[in-house]
Amino acid sequence: MTRVFSNTATTSVWLSYFLRPPSPSVVTPNRLPFSPFSTAHHKQKFSTLIAMDARISVSTKEVSQGLDVANEEELASQSKLLKEFASLSTIDRAWVFESDNGGSSRAMFSIGRPNLLGNKKRTHVLSSHIAKESNGSVSFQWAPFPVEMSGVSTIVPSPSGQKMLVIRNQENDSPTQFEIWGPSQVEKEIHIPKSVHGSVYTDGWFEGISWSSDETLIAYVAEDPFPSKPVFYGLGYKKTGSTEKGCNSWKGQGDFEEDWGETYSGKRRPGLFVVNIISGDVHIVDGISKSLSVGQVVWAPKNDDLDQYLVFVGWPSDCGSEKIVRKLGIKYCYNRPCALYAVKASVHKPETDKLETKGDRTEDMTAAINLTQDISSAFFPRFSPDGKFLVFLSAKSAVDTGAHSATDSLHRIDWPSDGKPRISLKLVGAVPVVKCAEENCFPGLYCSSFLRNPWLSDGQTMIMSSYWRSSQVIISVNVLSGRISRVTPNSSASWNILALDGDNILSVSSSPVELPEIKYGYSIERKEWNWLDISSPVSKCSMKVRSMLSSLQFSIMKIPVRDASVDLTDGAKTPYEAIFVSSKTRKSGACDPLIVILHGGPHSLLLTNFSKNHAFLSTLGYSLLIVNYRGSLGFGEEALQSLPGKVGSQDVNDVLAALDHVIEMGLADPSKVAVVGGSHGGFLTTHLIGQAPDRFVVAAARNPVCNLALMVGTSDIPDWCYVETYGGSEGKNYFTEAPSLDHLHVLYNKSPISHLSKVKTPTLFLLGAQDLRVPVSNGLQYARALKENGVEVKVIVFPNDIHGIDRPQSDFESFLNIGVWFNKHFQ
C-alpha cells in the first residue's frame, strides 16, 4: 500500500510499502563491481552473499540444514542475470537553471545506484549544459564525470542556482552539518548540535527545505532535540541540576513517546527551524503547538514587515479524531488529517556570529494560523510566481472515508495583497474529485509529488505527473480556469516529470520492456507538445540487457467486471486493467509459464514503467500478468471506494477474472501459473492459494497480511484493518484499540488464514523483522501453520529490514530466491 512523495526511483514497484505506489524511475545501467557466483566454488560464494547482511533462512525444518546443493547451479546462473539488472542506476531528481546566455541553460541530475557490498544507495551528481538552437533542436552537453555525494543526506540548490545547500545528518551525538556551496568552494559551514535539534527530515513527506527569495535564509524541518531523561546512580535518583559526575551513573528511559510508525521508528516530532546562512544563527520558529508535527514548509511572498511568513503542513498528534489518542502510521497514509498553517518566521538580526538558538516555544508569541479550516486535508503548498495565490492538494476523500489513499483534489487560496495571512481566506476548488472516469478521459488527480517550481511562464499553469489508469502521464493544470490537458503522447508508456526549463519540460519515459530515456518537451503556443529523445550517459546499458528486453512485448488489457450487481456504482462496473508482458515469440506454440503480480495498498497501482525486478522475472522465461484490480488508484473514486469492506472477495475475484481472460485468449497455460505479491498483494496471494488452491503451481509473498485479527493489535495502522474489513465510514466508527470478540471474528474470517486448510501451493515467504506495518509475526504464523499442514514452505527473514525489504542486499536476495523458487517448481 504505497505512495511515494518525491521523484525517487524504487527497486521494486509491486512490493510497494503498504500504501501509495512509488513514482516511476529512470533506470540506467552501470557495471556492478560484484559477482557473487562463479562456475566453481558455488557453495562458498553463495555463503558469502548470505553473510553480507546476516540473513536468516528457514526452510521446512525449524533448524536450517544449510544450502540446498541441488539449487546451487540455478542460484549461480540466476544471480549473474539478476546482477545485470541490479546494477542499473536511477535518476532520482533534476534541477534546471538559467544560464547567462539566454539561449542555453544548465541542468543537474541526482543519480542513484545500489551498492551491494556497502548495502546502501550510492548517489552522485551529473551536470549538463542544455543548448537550444534557433531551428528548434536541443542538445545536452554532459560533464565528463559525475561527482559522488558521499555522506550527504540531501542537496537543495538555491532558486538562482548560484548556491547549493548540502546537509549531512550525523549519527550518535555528532552535530548536523549544513554546507553552503558556491560555484567553486564551500562558502559557509554550520554545525548544529543535538541540543538545538536532531536530524533534518529528508524523507519526502515531512521534508521541508525552502530557500528565501533573497537566498539568505533557509527554512527546514528537523527532529526536536532529545528531551532530558532521569539519571540514576549508586545512591538512587540523581536530582535535576546535580553536578556529580562519574562512571557509576546511567540515564533512564523516561516517558515513552509515540512516533509516526513505519520508517519513523525512534524519530522525534518534526519541528520548524530557520537558519541564517550569513551569520550561522539557527532559529526555532515560535507559535507552533507541540501537538502538531510539521513538514513541507515554503516561504510566503515578502511583505513590508520585518518578519516574513512561512506556510507549512501540520498534522495533529491525535490524527484528528477524538477516539484516536496516539499517532498512527503516516508513511503513505493520506488519510491522516492535515492543514496548511502560516506563521511568522520571526527572523532576528543576529548580534554575533556565534551559533544561537533564539526563541522559546513557551513565549507568548502570535500563534500559527490555520489557513484551511474548511477542509480536512491540505498538503504540497506552492505559491504562484507573482505571489497572488497559494495552491495545494487535498486528500479529503481519503480522510473522510478512511481509505489510506484516494483521488486528490486541487485548491487555491487568493493570497492577501498586504501579504498578511488570516483565517478568513476563501478556498477555491480548481480540480475536483472525479467520481466515474469515462473512457479515455481524465480519471482524476493522483499526484505523488510536486516540483519545487511547477509553473509555466504565464504564472497560472502547473505541470505535474499524475496516474492515468495503468500509466503515469504529465498534465498541465490551469489553476484559475481548472482546464486540464494531457501533455504527454497517448502511448502505453509511463512518463514522469523531472524539472521545467522555462516553458519546456525535462522528463523521463519508460515501459515494462523499455529502459527509461530522458525526454525534452516543448510546445508551440502551448497547443501541441513535441518530444525529443535525449541521449545521456546514464541511459546506456549492456548489449545483453538490451537484447533481452528487445525480445519482450507488453500491452494493457481491459478486464470486464464479472457479475456486476445492480447496486454497484457506475465506476465500479467499468473495466479495470492488467498489464501483460510476454515474449514476442513462442516455442512450438506453447505458452510460457505465467506469473501473476499483485500490488499492495490496496489503494495503489502498478504502472507501465520499467521495473528491474519485473524485467528480471520476464527474462527468466515468464510472462507477467500485472493486475490493477478495482480499488487501485488511477481509475476514478467510485471504482476505488468499491473495495473497502470487500477485501478478500472482490479483489480476489478480479484477479481470477484477469487470469481467466488471458487463458481464454490463449496467452497462458492454466497448468503453469505462479503468483507473487507484497503487503496487500501478499494478502491477495495467500487468499488466492486458499480460495483457488488448484490454480497456482507456486507462490511467493513479501510481508503479507495473513491474519487481520493478529495485525490489528500489532500494526502501526490498525485503523486500516477496520476500514478495509468493514468499509469506509463504518470501519472508521468501529475502530478501537481494544477489538471486541465479534470484531476479531469478522477480521479473522476476512483473512487468508481462514482458508489455510485448503492450501497446498508451495510458498516462499520474505519477511522484514523490523516491519511495523505488517509485523513479522503475521507471516511467520501463517507459514508455520502451512508447514504444520504439510505444505512445502520456505521462509527468509531479513533481520534489519522494514516493510519494503528494499535495501540493496535484501532486494537482491529476495528476487534471486523468487526466481529460483519458481524455476524449481516449474521444472
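Residues numbered from 1 in each chain as written. Predicted model: local features only at pLDDT ≥ 70, side-chain atom pairs only at ≥ 80, totals over all residues. Heavy atoms only, no water.

## Description of the nonpolar core
Ranked by size, the top nonpolar core spans 140 residues in total, and within it Leu 272, Leu 310, Leu 371, Leu 410, Val 596, Val 627 and Phe 696 carry the most contacts. With eight residues, the single largest contributor to this core is helix H8 (residues 650-664). (Core = buried A, V, L, I, M, F, W, Y, C linked by side-chain atoms within 4.5 Å. Buried < 20%, exposed > 50% of the residue type's maximum accessible area, 1.4 Å probe, protein only. Helix = DSSP H or I, 4+ residues; strand = E, 2+ residues; numbered from the N terminus.)

## A closer look at the side chain of Ser 511
Along the chain, the position of Ser 511 falls in strand E32 (residues 504-511). Here Glu 514 takes part through its side chain, which lies 2.8 Å from a polar atom of the side chain of Ser 511. Sequence-distant contacts of Ser 511, defined by excluding residues within four places in its chain, comprise Ala 493, Phe 554, Thr 608, Asn 609 and Phe 610. (Polar contact = N/O pair within 3.5 Å; in protein donor to acceptor, adjacent residues only side chain to side chain. Contact = heavy atoms within 4.5 Å.)

## Observations concerning helix H2 (residues 72-86)
Here H2 is 15 residues long and its end C-alpha atoms lie 20 Å apart, about the 21 Å a rise of 1.5 Å per residue gives. By the burial criterion, the buried members of H2 are Glu 72, Leu 75, Ala 76, Gln 78, Ser 79, Leu 81, Leu 82, Glu 84, Phe 85 and Ala 86. (Expected span 1.5 Å × (residues − 1).)

## As for the pairing of strand E36 (residues 576-583)
Burial of E36 is extensive: seven of the eight residues sit out of reach of the surface. Bridge count between strand E35 (residues 552-559) and E36: eight bridges; the pairing is antiparallel. Bridge assignment links Lys 558 to a residue of E36, and that residue is Glu 577. Bridge count for E36 against strand E38 (residues 623-628) is five bridges, and the pairing is antiparallel. Directly across from Phe 580, in E38, lies its bridge partner Leu 625. (Pairing = 2+ DSSP bridges.)

## Some thoughts on the pattern of salt bridges
By the definition in use, this model includes 25 salt bridges. The salt bridge involving Asp 418 is made with Arg 422; its shortest N-O contact spans 3.6 Å. What makes Asp 418 partly exposed here is its relative accessible area of 37%. Look at Arg 422 and you get partly exposed, because its relative accessible area is 37%. (Salt bridge = Lys/Arg side-chain N within 4 Å of Asp/Glu carboxyl O.)

## Re the sheet that holds strand E25 (residues 389-394)
Read across the open sheet, the four strands follow the order E24-E25-E26-E27; overall the sheet is antiparallel. Unpaired on one side and paired on the other, strand E24 (379-383) and strand E27 (427-431) mark the two borders of the sheet. Here the average twist between neighbouring strands, direction ignored, is 25 degrees. Two strands pair when backbone bridges link them, and E25 and strand E26 (residues 409-414) are joined in this way by six bridges, in the antiparallel orientation. When the sheet's bridge partners are listed, Leu 393 is paired in E26 with Leu 410. (Axes fitted to C-alpha atoms, helices over the stretch in contact; angles between N-to-C directions.)

## Some words on the environment of Lys 344
Inspection of the secondary structure assignment puts Lys 344 in strand E21 (residues 339-344). Spatially, the C-alpha atoms of Lys 344 and Pro 421 are 9.8 Å apart, while their sequence positions differ by 77 residues. Aside from chain neighbours lying at most four places away, what touches Lys 344 is Val 285, Asp 307, Gln 308 and Tyr 309.

## What to know about the packing of helix H6 (residues 612-619) against helix H15 (residues 808-826)
Following both chains from N to C, one finds H6 and H15 inclined at 25 degrees, their axes separated by 11 Å at the closest point. One element, H6, and the other, H15, form an angle in the roughly parallel class. Crossing hand, H6 versus H15: right-handed. From H6, Lys 612, Asn 613, Phe 616 and Leu 617 reach across to H15, where they touch Asp 811, Phe 815 and Ile 818. Here the contact of H6 with H15 is composed, by residue class, of four nonpolar, one polar and two charged. (Parallel < 35°, antiparallel > 145°, perpendicular 65-115°, else oblique. Left-handed = near helix turned anticlockwise from the far one by under 90°. Nonpolar A, V, L, I, M, F, W, Y, C, P; charged D, E, K, R; others polar.)

## Remarks on unusual backbone geometry
With an omega of 5 degrees, the peptide bond running from Gly 601 to Pro 602 counts as cis. Checked against the element boundaries, Pro 602 lands in the loop between strand E37 (594-598) and H6. The phi dihedral of Thr 263 is positive, around 75 degrees, even though this residue is not glycine. For Phe 380, which is not a glycine, the phi torsion comes out positive at approximately 50 degrees. Among the structural elements, Phe 380 can be located in strand E24. On the basis of relative accessible area, Phe 380 is assigned to the buried category, the value being 4%.

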